[in-house]
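Below, each chain spelled out in residue letters.
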Amino acid sequence: MYFQHVYDKSLAQASYFIGCQKAGVAAVIDPKRDVDTYIEIAKANNMKITHILETHIHADFLSGSRELAKLTGAGMYLSDEGGETWQYEFPHIGLKDGDQIKLGNLLIDVLHTPGHTPESISFLLTDTPAIKKPVMLFTGDFVFVGDIGRPDLLEKAAGMKGTQDIGAKQMYESIKKFEVLPDYIQVWPGHGAGSACGKALGAVPSSTVGYEKLRNWAFHFENDAKGFTDYLLEDQPEPPKYFAMMKKLNKVDRPLLTDVPKINLLSAEALKANLAKGMKLIDAREKTEFAAGFIPGSINIQGNNSFGTWAGWLLKYDEPFMLLADESQLDDLTRKLMRIGLDNIEGYISGTSAFGETGGELQRANNISLKETKTLIHNNNVQVVDLRGAAEYKAGHIAKAENVFVGTLADNLDKISKDRKVIIHCQGGDRASIGYSILARNGFTNVANFSGSINEWVEAGENLVS
């Protein structure tokens, strides 16, 4: 057996390349959309990709199954569980609980494990030349390392009322299927730490059935279904806005993108014209560089591992946008965007000089120190806005701070004062830079960014309240 774990740090998303070396055939489980990765692995190992498997209709990334199928001719093996509402709406080979897939000398058994979503399935792998017993379980968003998949996404992200309670009860029953598996079986989940598909995912890539039964909180509620469902549903992080679109695009037929697009360099004139039309400019520079001088109206989303997630919060799928990024960043940023279906990139500029050529003047961010922040708060005529998530805020915040999550800030501008001084902050400063740029874009001139944020506040010995 050949096995390779492919991990996308930007979305904390795992996919898997599994091959039978003797037969020269391979399968990919839950492929990301930039599928050249898997084609290169297959070529390097003299294998042909013949099977593409998905654990469920994903909400957090745009699956590359159809792109990979078009390029390789492989069959798509997708769940037909969950009822009529949860069927894929394009041709595929349907899978049900108890089905078995033969991949050369490998056997893959299908387990229906609903809870995260009604159609969720897991794949139990047996490497028959080595041992006649299963050795690996690919769980998708069912069981993670130290956590399990959240059942509230359909309700919170896709607006499907009543589904989270049903999903929580289904999850309670599904983990019973997991518990009866042999302890030695390796567990390979669909996500790691940083994913919004759970609230406490572990950072290590894999586990075992036995270890999860010992340490994973979900297996400590025997005969207590209510305690289990209550704990599962409380304090889940805010699901990114783009999740609803992913649920739709992963289910219906859609245009394919079989290679990574090349982004055009924009002229100064094109930049000026696009800005005049209100087109969004995403500035991917580091936050301190952005603060030192930024194009008015631009939004700072640093080009790090969180770039795609925040772009998914702030960009719309039916409108074009521009990038400000160094040419060396373009391939990486384009991949991060295409992984969530944000393909409508009008072009890029490599710096702020193009704006200067049009006669435009840069703005500077009003970043303030811890000392200035404390002085302003002491004067008692400021609004302090905590841009972190609700669970983070609940766990501990600066006294009298109000919570407005940065992902929904643009929809809650009425909660930001225009009459008083406003101090914004987050945990370490990244989200505060996003927030500052959103407020500046919307005409707020009374905002100060406590860029050191909660981390600096706590390190200085200042108290938090909860």
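Right above here is the structure, for reference.
*Asks:* Before we go on, may I ask you to explain unusual backbone geometry in this structure?
*Replies:* Most peptide bonds take the trans form, and the phi angle of most residues other than glycine is negative. Of note, A12 is a non-glycine position whose phi angle comes to about 50°, a positive value. Among the structural elements, A12 can be located in the loop between β1 (2–8) and β2 (13–20). For A12, a relative accessible area of 3% puts it in the buried group. Despite not being glycine, N46 shows a phi value in the positive range, around 55°.

*Asks:* Please explain the side chain of E67 as it appears in this structure.
*Replies:* Of note, E67 is situated in helix α2 (residues 65–72). The residues touching E67, leaving out its near neighbours within four places in the chain, are R33, V35, R254, P255, L256, L257 and T258.

*Asks:* What's the story with the sheet that holds strand β14 (residues 299–300) in this structure? I'm lost.
*Replies:* Note on sheets: strands pair through backbone hydrogen bonds, and any given pair is parallel or antiparallel. Reading across from one edge, β14-β13-β15-β16 is the order of the 4 strands in this open sheet, with parallel pairing throughout. The open sheet has two free edges, formed respectively by β14 and β16 (345–349), since each of these has just one partner strand. Bridge analysis of strand β15 (residues 321–324) against β16 gives 4 bridges, and the strand direction is parallel. Each residue of the ladder has a partner; that of L324, found in β16, is I349.

*Asks:* It is not clear to me how the packing of aromatic side chains should be interpreted in this structure. Could you clarify?
*Replies:* In this description, a pair of aromatic rings is defined by centroid distance and the angle of the planes. Using the criterion set out here, one finds 20 aromatic pairs in the structure. With a centroid separation of 6.2 Å and 35° between ring planes, the pair formed by F221 and Y231 is classed as tilted. Of this pair, F221 sits in the loop between α5 (209–215) and α6 (225–233) while Y231 sits in helix α6, and the two are 10 residues apart along the sequence. You can call Y231 partly exposed: its relative accessible area is 34%. Ring centres of Y242 and F243 lie 5.0 Å apart, and the angle between their planes is 85°; this geometry places the pair in the edge-to-face category. Classification of F243 by relative accessible area gives buried; the value is 1%. Through a chain of ring-to-ring contacts, the aromatic side chains of Y172, W217, F221, F228 and Y231 assemble into a single cluster.

*Asks:* Quick question: what am I supposed to make of helix α4 (residues 163–179) here?
*Replies:* In an α-helix, one full turn covers 3.6 residues, which means residues spaced three or four apart are oriented alike. Helix length check: α4, at 17 residues, gives a terminal C-alpha distance of 24 Å against a target of 24 Å (1.5 Å per residue), a fit within 8%. Listing the buried residues of α4 in full gives T163, Q164, G167, A168, M171, Y172, S174, I175 and F178. Looking at the buried positions of α4, the neighbouring elements they touch are β10 (136–140), α3 (153–156), β11 (186–189), α5 and α6.

Parameters and conventions
Residues numbered from 1 in each chain as written. Predicted model: local features only at pLDDT ≥ 70, side-chain atom pairs only at ≥ 80, totals over all residues. Heavy atoms only, no water. Helix = DSSP H or I, 4+ residues; strand = E, 2+ residues; numbered from the N terminus. Buried < 20%, exposed > 50% of the residue type's maximum accessible area, 1.4 Å probe, protein only. Contact = heavy atoms within 4.5 Å. Pairing = 2+ DSSP bridges. Phe/Tyr/Trp six-rings, centres within 6.5 Å; stacked < 30°, edge-to-face > 60°. Expected span 1.5 Å × (residues − 1).

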